[in-house]
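Architecture at a glance
Here are the chains, one letter per residue:
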Amino acid sequence: MERRIQRGVRAMIALMTVLGGVSILYYFALAMYLGFKVGFELFWLALGALCLGAAFALSRLSPAAARGASIALGVLMAAALIVVGGVESRIIAGSLAAPEPNADYVVVLGARVRESGPSRLLNERIDKAAEYLRANENTVAILCGGQGTDEPMTEAQAMYEALVARGVDANRLLIEDKSTNTTENLENAAAMMTSKDASVVVTTTGYHMYRALAVAREAGLTHVSGNSSACARLTLVNYYMREFCAVARDWIL
């Protein structure tokens, strides 16, 4: 029995060490891809440090204390997996939503604009919106997004220019360039529509779709569906975890 307990503690130490190392490596991979900045990416660095710290603490405790700590840590991890898994299942289901054809409006949510032009994330949204607009010739697009302090122009203007360059008729494009977050994006877009009963397709990145559709309904839009764009595979885990935190915050508040 004592030997089995010791094996369990050693297994927990090994698990914490592996999780810590992987989290820290993932942080540096993200930092190299996205650029070193103060953002959600720091979550992985903090998580890695926490896991390695837990492994070190377990290795220093007495056998009885290490056993109790390992059990408590295991229960905590199981509870976290259940909560995160439940929320993420909804987020993933939202990302798989299919857009309704021939909608009155397609609302395209903004993302970062760099000095060189739209970021990769924004370009994916632009491509997805252009694809929908080409297939549904009577749909009008509302392009949402103001200008951040580190952006050369508004996100809405960047999308407008990119869609026109992709062959979309400028007369089908409406600019909403005052918003700074998802809620403002959709509230301002709703105010530009002729009716709250209009059919609306929201275009944003897949991980963001569940929350975007929920916010759209809160803004009074009753007939909404999603048109999800992709993001780089390396960033998937980071963005889905960030979205979990955002959804959990919204539920709590």
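Residues numbered from 1 in each chain as written. Predicted model: local features only at pLDDT ≥ 70, side-chain atom pairs only at ≥ 80, totals over all residues. Heavy atoms only, no water.

Some words on the overall build of the chain
Across its full length, the chain carries 8 helices and 7 strands. Projected onto the principal axes, the alpha-carbon positions of the chain cover approximately 75 × 35 × 30 Å. Going through the 253 residues of the chain one by one, you find that 43% of them count as buried. Of the contacts formed within the chain by residues at least 6 apart in sequence, a portion of 75% connects residues at least 24 apart. Entry remark: accessible area of the chain is about 13,300 Å², with carbon and sulfur atoms responsible for 61%. (Helix = DSSP H or I, 4+ residues; strand = E, 2+ residues; numbered from the N terminus. Buried < 20%, exposed > 50% of the residue type's maximum accessible area, 1.4 Å probe, protein only. Contact = heavy atoms within 4.5 Å. Areas by Shrake-Rupley, 256 points an atom, 1.4 Å probe, with all protein chains shown as cover.)

Comments concerning the layout of surface pockets
In this model, the largest pocket occupies a volume close to 1,100 Å³. Lining the largest pocket we find 41 residues, and of these G110, A111, R112, L121 and R242 sit closest to its centre. Those elements that provide at least two residues to the lining of the largest pocket are α1 (2–34), α4 (120–135), α6 (182–191), α7 (206–218) and α8 (236–252). Element by element, the count of residues in the lining of the largest pocket is highest for α8, at 6 residues. For the lining of the largest pocket, the per-class residue count stands at 12 nonpolar, 15 polar and 14 charged. Estimates place the volume of the second largest pocket at around 730 Å³. (1 Å grid on protein atoms, 1.4 Å probe; cavity = no way out; pocket = protein on both sides within 12 Å on 5 of 7 lines; lining within 4 Å. Points joined across faces, edges and corners; volume = space filled by probe spheres on them. Nonpolar A, V, L, I, M, F, W, Y, C, P; charged D, E, K, R; others polar.)

Some details on the nonpolar core
Counting 37 residues, the largest nonpolar core has V106, L143, L163 and L173 as its most contacted members. Contributions of two or more residues to this core are made by α1, α3 (63–95), β1 (105–108), α4, β4 (140–144), α5 (155–165) and α8. Take this core: its biggest share by element is 7 residues, from α4. Once residues within four sequence positions are removed from consideration, L173 is found in contact with L133, A141, L143, Y160, L163, V164 and V168. In this structure, A198, M209, L221 and V224 belong to the second largest nonpolar core, which totals 19 residues. (Core = buried A, V, L, I, M, F, W, Y, C linked by side-chain atoms within 4.5 Å.)

Details of the packing of α3 against α8
Two numbers describe how α3 lies on α8: the axes approach to 10 Å, and their chain directions differ by 105 degrees. Compared by their axis directions, α3 and α8 come out roughly perpendicular. Across from V83, V84, V87, E88, R90, I91, I92 and S95 in α3, the residues of α8 making contact are Y240, M241, E243, F244, V247 and W251. A breakdown of the residues in the contact of α3 with α8 according to their chemical character gives 10 nonpolar, 1 polar and 3 charged. (Axes fitted to C-alpha atoms, helices over the stretch in contact; angles between N-to-C directions. Parallel < 35°, antiparallel > 145°, perpendicular 65-115°, else oblique.)

With respect to the side chain of S228
Its place among the elements puts S228 in strand β7 (residues 223–229). Reaching out from S228, the side chain makes a polar contact with the backbone oxygen of S95 at a distance of 2.9 Å. When residues no more than four places from it in sequence are discounted, the contact partners of S228 are G94, S95, K128, T204, G206 and M209. (Polar contact = N/O pair within 3.5 Å; in protein donor to acceptor, adjacent residues only side chain to side chain.)

Points about the sheet that holds strand β5 (residues 173–176)
Overall, parallel pairing links the 5 strands, which are arranged β5-β4-β1-β6-β7 in an open sheet. Unpaired on one side and paired on the other, β5 and β7 mark the two borders of the sheet. Adjacent strand axes in the sheet meet at a mean angle of 25 degrees, parallel and antiparallel pairs treated alike. The sheet contact formed by strand β6 (residues 199–205) and β7 spans 7 bridges and is parallel. Directly across from T204, in β7, lies its bridge partner S228. (Pairing = 2+ DSSP bridges.)

Some thoughts on the packing of α4 against α5
At a minimum axis separation of 10 Å, α4 and α5 run at an interaxial angle of 50 degrees. Taken together, the axes of α4 and α5 are oblique relative to one another. For the pair α4 and α5, the crossing hand works out as right-handed. For the pair α4 and α5, the contacting residues are L122, I126, A129 and A130 in the first and M159, A162 and L163 in the second. When its residues are assigned to classes, the contact of α4 with α5 shows 7 nonpolar, no polar and no charged. (Left-handed = near helix turned anticlockwise from the far one by under 90°.)

Quick notes on the packing of aromatic side chains
For the structure on display, the rule yields 6 aromatic pairs. Ring plane angle 80 degrees and centroid distance 5.2 Å describe the contact between Y26 and W44, whose orientation is recorded as edge-to-face. Here the residue Y26 occupies a position in helix α1, and W44 occupies one in helix α2 (residues 42–60), the gap between them amounting to 18 residues. Accessibility classification places Y26 together with W44 in one group, the buried group. (Phe/Tyr/Trp six-rings, centres within 6.5 Å; stacked < 30°, edge-to-face > 60°.)

Shape is all these values report; function is a separate question.
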